[in-house]
Amino acid sequence: MATSAVAEGQQSLNGIISDPQSKHLTDLPTELLEHILCFPVLKNVDICNVSCCCKRLHDVCHERGKVWGHQYKLRWPRLQRFYRQNECCDWLREYKTRHRVGIQIRRTVESISKRFFTEVPCVGQVLGDSFAEIESLGMPEHFCEDELLFLLNSDKSKSLTLKYYAKKILYFLRQQNILRSLKTFLEQPAEQQSALEGAILVDQYCNPLAEVTLNSVSAQLDEIAEKVKKMLKIKNSSHPSLRIAQGDCFVVEDFELQRQVVCALNSVLYEQLQYKGNESDYYNPLNSYIHQVLLRRTGIPISLSVLYMTLAHKLGVQVEPVNFPNHFLLRWCQKQRGSEDIYDYVYIDAFGKGKQLTAKECEYLIGHQVTADYYSAISTTEVLLRMVGNLLNIGKRGEGNEKSYQLLRDSLDLYLTINPDNVQYLLLQARLYFHLGIWPEKVLDILQHIQALDPSQHGAVGYLVQHTLEHIQHKKHPATPEVKKRSAAEHVEVQYSVGLIMKHKRSGYNCVIYGWDPKCTMSQEWITTMRVHQLSSGANQPFYNVLVQDGTCRYAAQENLEPHSAPLEIGHPEVGRYFSEFANDHYFANEELQTRYPEDMVETLATVQDLYHRLTPGSGTQDQAPATDQNNQQAMAM
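Residues numbered from 1 in each chain as written. Predicted model: local features only at pLDDT ≥ 70, side-chain atom pairs only at ≥ 80, totals over all residues. Heavy atoms only, no water.

A few points about the packing of helix H9 (residues 195-206) against helix H16 (residues 402-418)
Link 1 in the chain: Relative to each other, H9 and H16 sit at 145°, their axes nearing to 10 Å. For the crossing formed where H9 meets H16, the hand is right-handed. On H16, the residues touching Val202, Tyr205 and Cys206 of H9 are Asp410, Asp413 and Leu414.
Link 2 in the chain: A per-class count over the contact of H9 with H16 returns four nonpolar, no polar and two charged. (Axes fitted to C-alpha atoms, helices over the stretch in contact; angles between N-to-C directions. Helix = DSSP H or I, 4+ residues; strand = E, 2+ residues; numbered from the N terminus. Left-handed = near helix turned anticlockwise from the far one by under 90°. Contact = heavy atoms within 4.5 Å. Nonpolar A, V, L, I, M, F, W, Y, C, P; charged D, E, K, R; others polar.)

The structure is reproduced here in structure tokens:
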């Protein structure tokens, strides 16, 4: 790196006498050396080598200096938000720590596929020991998250199994952090709890991979509040709400001035911005997530009420949440604040474009009379219980697929964090976990808690305890997975293999095969329900397990499937559980799936070659094949 000094009087190779005052690279000012060593072409290995040259360069590359800080920021740019600008820290130590975390995380992700493959995925159960090891190292959790994001953002069609588990681990880690934040939030005094913040925590827990933050949502609401102020200014340029700065706590006392705010808010929210209640798709869980309500400008009564109430408070008008049956409302006091008379309030229907109702009209809204208790204001905790209860009901109404089970699990976690002693939902959680066959140790903990809370549940608890213990005993002696070889005589009729992308002849859906049986193995009840006997070969033909483009898993008869004429990637969340790579026209089975079907990949490659890479008629040339297929073809030819 340094220019060699030439001895005085020594002649250089080109015959020119060297200047006895020749300078070394190390004679440059420190700032200039740092600038040179921060060039993007230099990697961490280069900096290590440079720092070993001499003491001068070692000092320039010191651990708290600009050079290692640049290397750290260049390699892990997402971590910059965890440092203050121009912060001085031991960048070399940070670099080494982040590098070690990356290695440990990758090892953890790679190790769980074998343990996970035969079970219903439950990350908390599988990762307990692995992440206990990582936590024991005392490494920052945001390093773990950054490495997982790095894995997820790598080449889209490759390392699918690695990404599948990285995503599940990230989901689990973020949910644990959000639960901790929710518990801290619930410990605050009731008057300090914000319904918006609580609703965002619910949103974050159900959507842990989405980038939802209180700051981003508040910024969007501040923009809406500014639009309301502009409209207010047209009506009343001296209105006190115009002087409220962001974050100020100010209440407009005059009723007429409050009315002006409410009118302007309704005009902006429902006329200008076109927010509305989602009547056509009421039970869509997206209606309950604040960031989705803002994005889609539609929601259900409680989510729209939280937004409306937050905006009203920003503009100096106090409205309160009302836990009205079947239709969440807000109330706005028309007399002295704190009145107990239900007729001293106007009730606002945020779902109905801010319509103002009397107490009697509220009863018309739901079609029956209610007691005065239902018109009372409720706490933020009760708002969250109502919101999570809605999600629970949507999960129960689900179709029994992974998506609805995940929603049910998430909403139960939230509900029991807010109200941990609810026996009804504790029992539901235990039954759900038992039904899914996951985390039996946690099921026993839940059942023990139920027994302590309500001994009268001993019948249901005893039944679940007995069968859960049997499940734990069974897991200690797992059955050897069945290996299916195409060459076996009983499999001679199986035409297709795992990894092939297929199309259903009748239903038209696109799918990928991840398993097969030589004959239908479902129950007689299923065979009757699905009218299998109406097929030409009935149940006496190969059936295939397929992942469908719409996110479902199905069991399809061979006569109903055909290879896709134009194979495409299948956007199913479970693809990575079975396949390691998408190769343009088929999927490569991962190691675990290949163990189950050891002869299928050879068949898949041969089928793909025959279907999509045959000689072009009359041209004598072959269609372009992916590099992987070409290599396999060459190997087969040899």
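Remarks on the nonpolar core
Link 1 in the chain: Ranked by internal contacts, the top residues of the largest apolar core, which has 45 residues, are Ile224, Tyr275 and Tyr308.
Link 2 in the chain: The set of elements that each furnish at least two residues to this core consists of H9, helix H10 (214-235), helix H11 (255-272), helix H12 (290-296), helix H13 (301-314), strand E4 (329-333), strand E5 (345-349) and helix H15 (380-397).
Link 3 in the chain: If you tally residues by element for this core, the top one is H13, at eight residues.
Link 4 in the chain: Leave out the neighbours within four places in its chain, and Ile224 touches Val268, Leu269, Leu273, Tyr275, Leu294 and Leu311.
Link 5 in the chain: In terms of nonpolar packing, the next biggest core, distinct from the first, is built from 37 residues, Cys206, Leu407, Leu414 and Tyr415 among them. (Core = buried A, V, L, I, M, F, W, Y, C linked by side-chain atoms within 4.5 Å. Buried < 20%, exposed > 50% of the residue type's maximum accessible area, 1.4 Å probe, protein only.)

Topic: the pattern of salt bridges
Link 1 in the chain: Within the structure shown, the criterion is met by 18 salt bridges.
Link 2 in the chain: In this structure, Glu145 engages Arg174 in a salt bridge whose closest nitrogen and oxygen atoms are separated by 2.8 Å. Here Glu145 is found in helix H7 (residues 141-152), whereas its partner Arg174 is found in helix H8 (residues 160-187), with 29 residues between them in sequence.
Link 3 in the chain: Judged by its relative accessible area of 10%, Arg174 falls in the buried class.
Link 4 in the chain: Residues Glu226 and Lys229 are paired through a salt bridge, measuring 3.7 Å at the closest nitrogen-oxygen approach. Linking Glu226 with Lys229, this pair stays in helix H10, spanning three residues, or about one helical turn.
Link 5 in the chain: The network of salt bridges with common partners includes Arg78, Arg98, Asp146 and Glu147. (Salt bridge = Lys/Arg side-chain N within 4 Å of Asp/Glu carboxyl O.)

Considering the packing of aromatic side chains
Link 1 in the chain: On inspection of all chains with the given rule, the structure shows 22 aromatic pairs.
Link 2 in the chain: Plain terms: the ring middles of Tyr270 and Tyr308 are 6.4 Å apart, the flat faces sit at 25° to each other, and that makes the pair stacked. Placement of the pair is Tyr270 in helix H11 and Tyr308 in helix H13, with a sequence separation of 38 residues.
Link 3 in the chain: Aromatic ring contacts, followed pair by pair, group Trp68, Tyr72, Trp76, Tyr83, Trp91 and Tyr95 into a single cluster.
Link 4 in the chain: A cation over a ring is seen here: Arg331 above Tyr345, with NZ or CZ 3.9 Å from the ring centre.
Link 5 in the chain: A cation sits over an aromatic face here: Arg397 above Tyr283, 3.8 Å from the ring centre. (Phe/Tyr/Trp six-rings, centres within 6.5 Å; stacked < 30°, edge-to-face > 60°. Lys NZ or Arg CZ within 6 Å of the ring centre and 35° of its normal.)

Just distances and angles here, no functional claims.
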